[in-house]
Amino acid sequence: MTTIIRITLKGIFRDRVFQGIMVTAGAFLLIPVIASLSMRQVTELSLTLSLSLISFILLLLSVFLGGTSLWKDIERRYTFSVLGLPISRQSYMLGRFGGVALFVLLAAAVLGAAAFAVVTYSSALYPPDRPIVWSTMAICILFDAMKYILLIAVAFLFSTVSTSFFLPVFGTIATFLAGGVTQQVYEFVNSPASKALSPFVKLLATGLYYILPNFGAFDLKVNAIYGLPLPANGLFLSVAYFVVYVGLLLSVAAAIFARREMR
Amino acid sequence: MMRTVSSGIVCLILYVALIIPFTTYLKNKPFVEKLGYVPSVTALKAVAADHKELVAASLVLKVLMYFGGLVEKADNQVAVPPDYISMSRLLHGAVKLDPYNMDAYYFAQGFLTWDVKQFKLANDLLDYGMKYRTWDWYLPFFAGFNSAYFMKDYAAAARYYQRAGELSGSDLSKLLAGRYMQESGQTELAIVYLSAMENGERNPALKKNYQLRLTAFRETRRIELACDRYRETRGVLPKTVEQLVIEGFLSPPPKDPYGGQFYLEADGKVVTTSKYAFKNVKNVK
């Protein structure tokens, strides 16, 4: 499996994905200029922009790498030659997932370093009212990466049942959007404002709330931007949720992939 | 091969011929930053996914660019009344997306009070912000000023200033808390407030706004002091501002930067025909 992980990482680098990220990361250079337009919170704005840029790049990476990795192998018939080797389909798939996930972590680390540099620069020019909590910022980026690794697992699950890249790519984007609002929808359904809704819709919304991934838990941007304290208990629960949910998705994906017919 | 080269050359010539009128057209296109229509905040929240803070910040910047454009136009003697309703709507949307966004509160406070006279709305917004920005002394400082100066609710003002004083640890707010218990020295307090706002401002459009208002209030204060001196010497209140100037109590004559005329009310209160706002702003609903 480690060999597959290594090959996956090599493949990603060979496709010049990393160079692509670096070009996009050039946008970091503009952040101090844009942030200086703010009236009262230049540092906060540069943090907002940096974290959003990281999140956006990681989203693209997880959707496209996660959604196309398996599909490309099947399309190019790599799977035939690889699966002829003494390696189980499950560990092949997990290796592919591991490679993409590791790349996203690496990208988050590199982009995170760039964000640290940008925010340091902005805060030196316009000292903020509140001190920046660097550890919160690091945890925020780590949780962002975790969120997108979870999304990669979703993309892999879609890949195992799909014959084209449409379902993995669009399915993943849809899951990302839905996973971001489940908490709001759930709160609305359980509030007095939703009296007019039919019980069936409420039941459906509640069911989806428990089934769909909940990305809201991994969004710590407000805490990082305004230096708000992080709830230790909540962080622990979120990590546990991440581990269990990714495990669940990968188990289902591995079971489907093992039975899949490949022609 | 020949065909490719010749078609390439034709395209290049056409490009050169086109690029000048094309860029001229774009350069001359009037720059209007419109506030436009912004979908409901609930919809924005869903679409913004994990970029709520970014969307909030971009809404605030949009309002700021729009306002900056208008200030520039006013410099060139083109009076366009600002669309305060849309500005307020966008800023309210921004704080629903990111209740910690200070720029939104700060900017809303800037125009909701002096220009639109929606003091209750301004203080409701500040109260909402105080629930989140629990460390920030600016919000109660603003709310205290609104309560006392505009709404004449001195009890509320004292409460807000008390909180601002506790949060900032500075004596200014505590001093104001005490002074606002009585209805005197309003002009001087407006000067203190405006100086604090003007000092921290980096945005040129807003800074200019504060400077103008500050100049107007300093002129008012000068007349008030002259009135006091007049009363001490003559034992009666002066009838007009001109009287103060002619009899040597006020020199040079006061000038309202908003283009109005200062006059005295029967009780000696100094007011101006401009009401501390440019003419074009007055008629905005």
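Look a little higher up for the structure.
In this report, we go over the structure that sits alongside the text. (Residues numbered from 1 in each chain as written. Chains lettered and ligands numbered in written order. Predicted model: local features only at pLDDT ≥ 70, side-chain atom pairs only at ≥ 80, totals over all residues. Heavy atoms only, no water.)

1. Brief notes about the environment of Val244(A)
All names here are of chain A. As for its placement among the helices and strands, Val244 is situated in helix H11 (residues 232-259). Judged by relative accessible area, Val244 falls into the exposed class, the value being 57%. With 25 residues separating them along the chain, Val244 and Asp219 place their C-alpha atoms 18 Å apart. (Helix = DSSP H or I, 4+ residues; strand = E, 2+ residues; numbered from the N terminus. Buried < 20%, exposed > 50% of the residue type's maximum accessible area, 1.4 Å probe, protein only.)

2. Regarding the interface of chain A and chain B
Of the residues lining the interface, 29 residues belong to chain A; the matching set on chain B comes to 30 residues. Where chain A abuts chain B, roughly 2500 Å² becomes buried across the two surfaces, and 60% of that area is made up of carbon and sulfur atoms. The largest contributions to the chain A side of the interface with chain B come from Met39(A), Arg40(A) and Tyr226(A), which together make up 33% of the buried area. The interface formed by chain A and chain B includes 2 salt bridges. For the salt bridge of Asp50(B) with Lys221(A), the shortest nitrogen-to-oxygen distance reads 3.4 Å. One can count 13 residue pairs in polar contact (both at pLDDT 80 or more) joining chain A with chain B. Breaking the side of chain A that touches chain B down by element, the ones donating at least two residues are helix H4 (42-75), helix H7 (134-161), helix H8 (166-189) and helix H10 (221-226) of chain A. In terms of residues, the side of chain A that touches chain B owes the most to one element, H4(A), which gives 7 residues. Its residues assigned to classes, the side of chain A that touches chain B shows 16 nonpolar, 7 polar and 6 charged. (Contact = heavy atoms within 4.5 Å. Buried area = accessible area lost by both parts, 1.4 Å probe. Salt bridge = Lys/Arg side-chain N within 4 Å of Asp/Glu carboxyl O. Polar contact = N/O pair within 3.5 Å; in protein donor to acceptor, adjacent residues only side chain to side chain. Nonpolar A, V, L, I, M, F, W, Y, C, P; charged D, E, K, R; others polar.)

3. Quick notes on the nonpolar core
Of all hydrophobic cores here, the largest spans 137 residues; its most connected members are Phe28(A), Leu61(A), Phe97(A), Phe103(A), Leu150(A), Phe107(B) and Phe142(B). With 15 residues, H4(A) is the largest single contributor of residues to this core. Apart from residues lying up to four places away in sequence, Phe103(A) is in contact with Leu9(A), Ile12(A), Phe13(A), Val17(A), Phe18(A), Ile21(A), Leu61(A) and Leu65(A). Judged by nonpolar contacts, the second largest core, of 11 residues, contains Ala226(B), Tyr230(B), Phe249(B) and Leu250(B). (Core = buried A, V, L, I, M, F, W, Y, C linked by side-chain atoms within 4.5 Å.)

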